[in-house]
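Structure at a glance
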Amino acid sequence: MNPAVGLVVALNAEARALIGHGRWQQAGGCLFRRSRLTDSTHLIVVRSGMGSKNASTASKWLIGEGVSGLAVSGVSGGLCPDLAPGDLVLADSVIQDDGNPINETREVSFAGVDKAYGALTDRRFPVYRGPIITVQRPVLSTGEKQALFTKTRALAVDMESAAVAAAAGNAGLPFFAFRAVSDPAACSIPHDLFDCIDQNARVRPFHLLKMLLLKRVLMSELVRTKRDFDAALEGVGRAWHLAIRGILPSLLAPTGMLDL
């Protein structure tokens, strides 16, 4: 059987930006799609839903399917002030922040990050490399983002990458993470607006309408958030098709292991 790479994404919109529309299958509580990366390498994409627990479940299912490496992608919050909506972050390490004083860092030691970074910069794509931090709850305010950046120097924040990295490390598999910035460091997302989406980032229409009627200022925030989210989806999709899709099999070769 040809080797397969497992790719975890939280949201349907993120998956669509990478692999387009298609029919999802279900097994073991996971929604997945299969496609080809190259003539000799398959891709299995799992749509996990948001959060570390869901990402861990998806990763373990992929490992059970016999994948030869794990990757994670999607949108993220920007922590570094230099990053704009749509800019790409390639993780050279993943930090797990579970609320304890000590953070667990998993270093990505393979040279594949250099290859991806070089391929994208050659195409003048806005790409950065550095740490990504995974948190247990959303980081929405500019103050929280600044504090987290000062503490960790992580470029971006998400809620899934560390869980996928941990599963890959425990299984002795290589790992790769790439994220596009949606909400930059200088922008806050109101909690009232975030509460209008569910675990799968689907809008709760009646709750949203109620919030917009009660707080009309949220309309401008909704428009900005949607614009930045679309820019992030476009960015991660362009990076995938320009470079990452073609080189992912080599990035996840056995020589590029996750150093725990």
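In what follows, the structure referred to is the one given above.
Now for a quick tour of the structure. These numbers come from a predicted model, not from an experiment.

Conventions and cut-offs
- Residues numbered from 1 in each chain as written.
- Predicted model: local features only at pLDDT ≥ 70, side-chain atom pairs only at ≥ 80, totals over all residues.
- Heavy atoms only, no water.
- Helix = DSSP H or I, 4+ residues; strand = E, 2+ residues; numbered from the N terminus.
- Buried < 20%, exposed > 50% of the residue type's maximum accessible area, 1.4 Å probe, protein only.
- Contact = heavy atoms within 4.5 Å.
- Core = buried A, V, L, I, M, F, W, Y, C linked by side-chain atoms within 4.5 Å.
- Arc of directions from axis to C-beta.
- Pairing = 2+ DSSP bridges.
- Phe/Tyr/Trp six-rings, centres within 6.5 Å; stacked < 30°, edge-to-face > 60°.

**Quick notes on the environment of Ser76**
Tracing the sequence through the fold places Ser76 in strand S5 (residues 69–78). Given a relative accessible area of 4%, Ser76 falls into the buried group. Sequence separation between Ser76 and Met159 is 83 residues, and the spatial gap between their C-alpha atoms is 8.5 Å. The residues touching Ser76, leaving out its near neighbours within four places in the chain, are Ala156, Val157, Asp158, Arg179, Ala180, Val181, Ser182 and Asp183.

**What to know about the nonpolar core**
Ranked by internal contacts, the top residues of the largest apolar core, which has 41 residues, are Leu62, Ile133 and Phe175. Sort the elements by how many residues they give to this core and helix H5 (residues 161–171) lands first, with six residues. When neighbours within four sequence positions are excluded, Ile133 is seen to be in contact with Leu79, Ile95, Asp97, Leu148, Thr152, Ala154, Ala156, Val157 and Asp158. If you look at the next biggest cluster of nonpolar residues, it comprises 32 residues, including Ala15, Leu90, Ala119 and Ile247.

**Examining helix H3 (residues 112–122)**
Where H3 is concerned, the buried positions are Gly112, Val113, Ala116, Ala119 and Leu120. All buried residues of H3 fall inside an arc of 135° around its axis, so they share one side. Within two residues after H3, Arg124 carries a phi angle of roughly 60°, on the positive side.

**Observations regarding the pairing of strand S3 (residues 30–38)**
Where strand S2 (residues 25–27) lies against S3, three bridges are found, and the strand directions are antiparallel. Paired with Gln26 across the bridge in S3 is Leu31. Counting the residues between successive antiparallel strands, the hairpin from S2 to S3 contains two residues, one of them, Gly28, with a positive phi of roughly 60°. Across seven bridges, S3 lies against strand S4 (residues 41–47) in antiparallel orientation. Counted as the bridge partner of Phe32 is Val46 from S4. If you look at the hairpin formed by S3 and S4, you'll find two residues sitting between the two strands.

**With respect to the packing of aromatic side chains**
Across all of its chains, the model carries three aromatic pairs by this definition. Ring geometry for Phe32 and Trp61: centres 4.9 Å apart, planes at 40°, overall tilted. Placement of Phe32 in strand S3 and of Trp61 in helix H2 (residues 52–64) is noted, with a sequence separation of 29 residues between them. One exposure class covers both Phe32 and Trp61, and it is buried. Look at Phe178 and Trp240: their rings are 6.1 Å apart centre to centre, the planes differ by 10°, and that puts the pair in the stacked class. Of this pair, Phe178 sits in strand S10 (residues 175–183) while Trp240 sits in helix H8 (residues 218–251), and the two are 62 residues apart along the sequence. With a relative accessible area of 0%, Phe178 lands in the buried category. Since its relative accessible area comes to 1%, Trp240 is described here as buried. Joined through ring pairs, the aromatic side chains of Phe176, Phe178 and Trp240 make up one cluster.

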